[in-house]
Amino acid sequence: MGQKLKIVGWVGAGALAGALTTVSLQTVARGNMAPLPLEELQQLAAVFSMVKSDYVEPVDEKKLITEAISGMVSSLDPHSQYFDKKSFKEFSEGTTGKFVGVGIEITQEDGLVKVVSPIEGSPADRAGLKTNDLITKIDDTAVKGLSLNDAVKRMRGEPRTKVVLTIFRKDENRTFPVTIVREEIKTQSVKSKVIEPGYAWVRVSQFQERTVEDFARKVEDLYKQEPQLKGMVLDLRNDPGGLLDAAVALSAAFLPENVTVVSTNGQLEESKFTYKTSPQFWRRNASNDPIGKLTQATGGALKKVPLVVLVNEGSASASEIVAGALQDHKRATLMGSQTFGKGSVQTVRQLGPDTALKITTARYYTPSGRSIQAKGIVPDVMLDETAEGNVFAALRTREADLDKHLSNGREAEKKDPEREKAREEAIKKLEEEAKKPAAERRLPEFGSEKDFQLQQALNQLKGQPVKASTTVAERKPESKDKN
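Residues numbered from 1 in each chain as written. Predicted model: local features only at pLDDT ≥ 70, side-chain atom pairs only at ≥ 80, totals over all residues. Heavy atoms only, no water.

A. Fine view of the overall build of the protein. Secondary structure assignment for the protein yields twelve helices and 20 strands. Among the 483 residues that make up the protein, the fraction classed as buried is 51%. A fraction of 71% describes how many contacts in the protein between residues 6 or more apart in sequence connect residues 24 or more apart. Of the accessible surface of the protein, which amounts to about 23500 Å², a share of 51% is contributed by carbon and sulfur atoms. (Helix = DSSP H or I, 4+ residues; strand = E, 2+ residues; numbered from the N terminus. Buried < 20%, exposed > 50% of the residue type's maximum accessible area, 1.4 Å probe, protein only. Contact = heavy atoms within 4.5 Å. Areas by Shrake-Rupley, 256 points an atom, 1.4 Å probe, with all protein chains shown as cover.)

Encoded structure:
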């Protein structure tokens with residue numbers, strides 16, 4: 001009674017093969033429990049007994065209980081989940097940036113596994129998997145009917161073992177098998193370079209344990225290379241999120257000390273918390289403060305340099321926290337398209353030595369009090385993906401598109417018929433793109449000379465004309481019934 005159990009908790013934006021799921025840190029305590037519904041629990045026990053005694057063949061008791069727990073939790077929202085021994089280990093390993101798998105970020109679409117993007121340099125990337133590929137079979141197992149977690153399990157394995165993925169590629173209207181050899185994936189979450197004299201680009205692809213250190217080191221190197229930076233582009237496009245303390249630290253690199261980055265609110269008293277830009281909110285030990293060292297090394301220049309943040313539908317969770325904080329404090333101009341809308345906190349509570357429950361415990365809010373759950377962050381300047389318009393944007397899944405998604409507690413958002421129409425038009429575009437040479441089909445690499453959105457960000461920093469989108473608009477919230 002009254003004893004608190006400290007556990008590492010997590011905030012998830014989606015699933016990544018190899019358990020690269022987004023996370024945050026949370027202290028957990030459960031005080032007074034509501035009375036248990038005894039009649040319903042008796043029914044559960046009766047069903048368990050009947051299945052065990054009457055089913056056509058013997059059923060493993062532990063499997064029955066595990067599946068019952070999994071079903072209970074998965075019915076809540078897309079991000080709550082029960083972890084068995086293997087999945088808990090995989091999930092925990094994901095924050096280090098190292099895992100054994102095929103190396104793809106995934107989500108679900110129509111009961112199939114959809115590739116969000118292959119991780120650069122991974123076996124999946126080398127095998128030619130592409131964004132929007134649908135995985136229909138993993139070895140001999142059909143994906144239809146599998147949970148996302150089960151699909152991840154089947155793609156995971158030991159190093160140097162093979163897995164055969166059956167791929168349906170929409171834009172080519174064909175199905176084909178791909179044999180991939182699993183290996184340890186080491187993701188690089190921060191990239192940076194001086195694009196042209198006076199202007200730098202820093203890309204954060206996700207927030208891992210070493211992201212803050214990598215960010216501080218690479219930005220310090222940028223300033224050594226270009227001491228008089230006139231502007232910087234922080235690229236958070238397709239960043240699914242990550243460690244909350246890393247998001248707070250990254251925000252603190254650009255903001256004044258002791259201002260609010262994000263606040264959380266839920267039923268538990270411990271879920272009502274405000275994270276600020278002071279070191280105690282991200283520093284993991286007394287001697288480890290890479291942001292403080294970076295500020296000192298650059299003479300505070302990073303807190304003043306003109307800043308543009310690029311976001312899109314794939315920017316979620318921790319990346320939305322950073323974008324929202326910089327936007328609310330008017331520290332940066334946000335450009336791109338409306339973000340994913342993952343604004344809830346998941347806490348991981350250990351149930352035993354090697355099992356755990358990941359459960360949604362709070363919503364989070366930007367410094368001005370905005371809930372971005374199922375809504376996302378709306379950029380200051382909307383941009384198309386290319387000079388000719390959008391290619392993949394309408395096909396990307398957002399939080400509001402997920403079944404059982406949590407509302408933001410203030411306004412609901414529903415599937416928009418106009419968006420569904422845009423999806424159909426985007427599919428037609430992709431079919432036309434499929435007729436072009438393969439090298440011309442994919443969008444230019446982020447950070448390259450052909451990156452249209454990056455060029456618009458540079459124009460913004462230089463005070464030059466920006467080609468803003470004339471078609472992309474904020475997704476409309478659902479109007480409340482007046483009954």
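Now, onward.
B. Region of the structure containing the sheet that holds strand 20 (residues 381-382). Strand order across the open sheet formed by six strands is 11-12-13-16-17-20, with mixed pairing between neighbours. Bordering the open sheet on either side are strand 11 (190-196) and strand 20, each of which pairs with just one other strand. The pairing of strand 13 (residues 231-235) with strand 16 (residues 307-311) spans four bridges and is classified as parallel. From the neighbouring strand, Asp-235 faces strand 16, where its bridge partner is Leu-310. (Pairing = 2+ DSSP bridges.)

C. Structural context of the nonpolar core. By size, the foremost hydrophobic cluster in this structure holds 52 residues, and its most contacted members are Phe-215, Met-232, Leu-234 and Leu-302. Among the elements that line this core, the one with the most residues is helix 7 (residues 244-254), at nine residues. Excluding residues that lie within four positions of it along the chain, Leu-302 makes contacts with Phe-215, Val-219, Tyr-223, Met-232, Ala-253, Phe-254, Leu-294 and Arg-331. Membership of the second largest hydrophobic core comes to 20 residues, among which are Ile-104, Leu-129, Ile-135 and Leu-148. (Core = buried A, V, L, I, M, F, W, Y, C linked by side-chain atoms within 4.5 Å.)

D. Local environment of a nonpolar patch on the surface. Together, Leu-36, Leu-38, Leu-41 and Leu-44 line one region of the surface with nonpolar side chains, adding up to about 390 Å² of accessible area. In this structure, Leu-36 sits in the loop between strand 1 (15-16) and helix 1 (38-54). For Leu-36, a relative accessible area of 55% puts it in the exposed group. (Patch = residues over 30% accessible without salt bridge, like charges linked within 9 Å, V, L, I, M, F, W, Y side chains within 5 Å. Salt bridge = Lys/Arg side-chain N within 4 Å of Asp/Glu carboxyl O.)

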